[in-house]
Amino acid sequence: MAEVATFATSDQLLIVIDPAARRTDAESVRIAKDVLSAGAATKVCLPEGPEEFARVLARRGSRRPVLVGDDRALMRAVSLLHRQRELAGCALSMVPVGGGLSLAGALGVPTGAVAAARAVLDGVVRRMDLLVDDSDGVVLGALRIPSLPPMRGAPPVDQEDAVTASSSSGSGSGFGFGSGSGSGSVPASWLRTCQSLVRTLVPVRPSREPLAGVTRLAPARLRVEVDGVTLVDLDQPVEGISVTPGASGFAEVEVRPVSVGAEASPLYARGRTVTVSGADFRYRADAVVSGPVRTRTWVVREGAWGLTLPAVG
């Protein structure tokens, strides 16, 4: 990242306040407005939705946009400017307010309202690399490809699970007990007694069902190519893949193979183009999950966008 410009307090600022920020922390929004208005000429906009947000940004004129919001507001602005092919000529500033602020913090934006507003007034624009995919999507901080969820259908069970399931059932079980009145049937009282005995003998095991909101993951089989060279192929299942914009136009790629016996070491590579292909997979670009897709290619755009950060030193 290189420092390319400083700002004078006489600059005109377009303060775009995300509705989620107003709902989440109105006090921080007020503080940010007060600090910015005290240091520069400002115009405040309160868009109510994505369409209005896009119109406000498109009509900014010569004003420097300042986003008051969370990571999603920053991602939305960068994505809009990229698709309008105006990202290179529009430096963004940000005062992080809201729930998800990890991306802003990782990029170097102060997370306090006062410090962030002062950085907007006195900071410098630093050009940053951007990952752009073949569907015109962008990645600011990190791209992660989790393992595939399990196939639909009944999950596999082992012998103890089968015994537990059988003993808990009110119908026939693996022990040959039936509830009918024909040959070989057992009175209901005897059946209940045997079921109770089996439950006391079988160790209690944690439930194999996932917690609410948690998806069980299975290894993925994906081909990862970096600048045309295969880093991992379909015959090697992987637990996860991460790609982050590095420096000087290169992406940092990490692939974590599935461990078999001894722990498998991660695979690393650097390149300008990363292609992932194979079975349907989903990917998380910053905070947004996309897919499923069969193949996707990301290209590094060096110094593609600018963000105002505190001056160093």
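Below is a short write-up of the structure. (Residues numbered from 1 in each chain as written. Predicted model: local features only at pLDDT ≥ 70, side-chain atom pairs only at ≥ 80, totals over all residues. Heavy atoms only, no water.)

Turning our attention to the overall build of the chain. Of regular secondary structure, the chain possesses eight helices and 15 strands. Counting contacts in the chain only where the partners sit at least 6 residues apart, residues at least 24 apart contribute 68% of the total. Approximately 16600 Å² of the chain is accessible, and the part contributed by carbon and sulfur atoms is 53%. (Helix = DSSP H or I, 4+ residues; strand = E, 2+ residues; numbered from the N terminus. Contact = heavy atoms within 4.5 Å. Areas by Shrake-Rupley, 256 points an atom, 1.4 Å probe, with all protein chains shown as cover.)

Another point: the side chain of D71. Mapped onto the fold, D71 is located in helix α4 (residues 71–83). R72 provides the closest opposite charge to the buried, unpaired D71, separated from it by 8.2 Å. A polar side-chain atom of D71 sits 3.0 Å from the main-chain amide nitrogen of A104. D71 has contacts with M94, G100, L101, S102, L103 and A104, leaving out every residue within four places of it along the chain. (Buried < 20%, exposed > 50% of the residue type's maximum accessible area, 1.4 Å probe, protein only. Lys, Arg positive; Asp, Glu negative; His and termini not counted. Salt bridge = Lys/Arg side-chain N within 4 Å of Asp/Glu carboxyl O. Polar contact = N/O pair within 3.5 Å; in protein donor to acceptor, adjacent residues only side chain to side chain.)

In the structure shown here, the tally under the stated rule is 11 salt bridges. Residue R60 is joined to E86 by a salt bridge in which the shortest nitrogen-to-oxygen separation is 2.9 Å. Placement of R60 in the loop between α3 (50–58) and β4 (64–69) and of E86 in the loop between α4 and β5 (93–96) is noted, with a sequence separation of 26 residues between them. A residue is classified by how much of its surface remains accessible, and R60, at 10% relative accessible area, is buried. Here R296 and D134 are joined by a salt bridge, their closest N and O atoms 2.9 Å apart. With R296 in strand β15 (residues 288–309) and D134 in the loop between β6 (124–133) and β7 (138–139), this residue pair connects regions lying 162 residues apart in the sequence. Of the residues examined, R296 reaches a relative accessible area of 14% and is grouped as buried.

Attention now goes to the pairing of β5. On β5, burial covers both faces: S93 and V95 on one face and M94 and P96 on the other are all buried. When β4 meets β5, the two strands line up parallel, connected through four bridges. Within β5, the residue paired with L67 across the bridge is M94. Following the backbone out of β4, through α4 and into the adjacent parallel β5, one traces a crossover that is right-handed. (Pairing = 2+ DSSP bridges. Right-handed = clockwise from strand over helix to strand, strands pointing away.)

Most peptide bonds adopt trans geometry, and most residues besides glycine take a negative phi value. Here the bond from G291 into P292 is cis, since omega is 5 degrees, no more than 30 degrees from zero. Tracing the chain through its elements places P292 in strand β15. Residues other than glycine seldom take positive phi values, yet D227 does so here, at roughly 55 degrees. For D227, the location among the structural elements is in the loop between β9 (222–226) and β10 (229–232). A positive phi angle, near 60 degrees, is found at D286, a position not held by glycine.

Under the counting rule described, the total for this entry stands at two aromatic pairs. Where Y283 meets W298, the ring centres are 5.2 Å apart and the plane angle is 85 degrees; that geometry is what we call edge-to-face. Within this pair, whereas Y283 is found in strand β14 (residues 273–285), its partner W298 is found in strand β15, the two being separated by 15 residues in sequence. Since its relative accessible area comes to 4%, Y283 is described here as buried. (Phe/Tyr/Trp six-rings, centres within 6.5 Å; stacked < 30°, edge-to-face > 60°.)

What follows covers the packing of α3 against α4. Where α3 contacts α4, the axes come no closer than 11 Å and their chain directions differ by 60 degrees. If you check the angle between α3 and α4, you find them oblique. Between α3 and α4 the crossing geometry is right-handed. Residues F53, A54 and L57 of α3 lie in contact with α4, whose contacting residues are A73, R76, A77, L80 and L81. (Axes fitted to C-alpha atoms, helices over the stretch in contact; angles between N-to-C directions. Parallel < 35°, antiparallel > 145°, perpendicular 65-115°, else oblique. Left-handed = near helix turned anticlockwise from the far one by under 90°.)

What follows covers helix α6 (residues 113–122). Within the sequence span of α6, burial applies to A113, A116, A117, A119, V120 and L121. The inward-facing, buried residues of α6 contact β2 (12–17), α2 (26–39), β4, β5 and β15.

Moving on, we come to the sheet that holds strand β3 (residues 41–45). Strand order in the open sheet formed by four strands is β3-β2-β4-β5, with parallel pairing between adjacent strands. The open sheet has two edge strands with one neighbour each: β3 and β5. Taking each pair of neighbouring strands and ignoring which way they run, the sheet shows an average axis angle of 20 degrees. Where β2 lies against β4, five bridges are found, and the strand directions are parallel. Considered in β4, the bridge of L13 is made with R64. The sheet contacts of α2 involve β2, β3, β4 and β5, and relative to β2 the element is tilted by about 175 degrees. Along the sheet, α3 contacts β2, β3 and β4; its crossing angle with β2, the most-contacted strand, is approximately 175 degrees.

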